[in-house]
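Listed here are the chains, written in short residue letters.
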Amino acid sequence: MPLSVKLDPRDVGLLVVDMQNGFCHPEGSRGQAFGADAVKNPQGIIPNVVSTIDLAHRLDIPVWFTQQVHYDDDVLRSRRRIPSHLERRGVKLELCRRGTWDAELLDEMKAVREDRDEVVVKHRSSAFFQTTLEVELRMRDVQVLVVTGTTTSFCVDSTIRDAYARDFDVVVPAECVADSDDAAHAATLASIERFHGVVTDLTGLTAALDG
């Protein structure tokens, strides 16, 4: 899936969404609640995400990692009148609680993260919602945002829609995003390609940046 345009690395930023123990590790909250199959796809993209980070570092492209953090005393959630997507499935999931191993980045992400990379802590699905991400991207003169990570149909999709609404160009290497639901993953990629950005692969992204 080649890109139809060449990309200037000086215009580009890389976003790595929620590659955390709670979402991706078999011993994390999702894996323990739903079984190993629930984290099989996020586990599978780890080498590709690492390759994308390595590419960004080599080309001096700034990198942002997002870190989802939930608070035990989040009163906003208790005010909701409609049960959450997890509650409707009868699941009580203590996911990525503040200060826990669950909320930490995967060891594979820690291993490649450099001091120059940024970590954006978020409390809702979009990396833009009430965070410093947008101003940091603007300060670094980023126009093209390469988005990787998990979950394709939720946090990745929410972030991409918010990026598009803020007039960023969005590029998604398909083998660098993952979802526990294959149908939802495919539908989201189709929607991104239709409306919000360009879906490519790691080879196409590399060629567009490094050609």
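As shown above, the structure is provided for reference.
Residues numbered from 1 in each chain as written. Predicted model: local features only at pLDDT ≥ 70, side-chain atom pairs only at ≥ 80, totals over all residues. Heavy atoms only, no water.

**Thoughts on the pattern of salt bridges**
Across all of its chains, the model carries 11 salt bridges by this definition. Among the salt bridges present, the one from Asp157 reaches Arg161, with a minimum N-O distance of 3.0 Å. Remark: Arg161 and Asp157 occur in helix H8 (residues 152-165); sequence separation between them is 4 residues, near one turn of the helix. We classify Asp157 as buried; its relative accessible area is 11%. Its relative accessible area of 38% is what places Arg161 among the partly exposed residues. We note a salt bridge from Asp162 to Arg166, for which the minimum N-O separation is 3.9 Å. (Salt bridge = Lys/Arg side-chain N within 4 Å of Asp/Glu carboxyl O. Helix = DSSP H or I, 4+ residues; strand = E, 2+ residues; numbered from the N terminus. Buried < 20%, exposed > 50% of the residue type's maximum accessible area, 1.4 Å probe, protein only.)

**Description of the side chain of Thr150**
With respect to the helices and strands, Thr150 occurs in strand E4 (residues 144-150). The class of Thr150 is buried, set by a relative accessible area of 0%. Within the structure, Thr150 has its side chain in polar contact with the side chain of Thr151 (distance 3.3 Å). Within the structure, Thr150 has its side chain in polar contact with the backbone oxygen of Ala178 (distance 3.0 Å). (Polar contact = N/O pair within 3.5 Å; in protein donor to acceptor, adjacent residues only side chain to side chain.)

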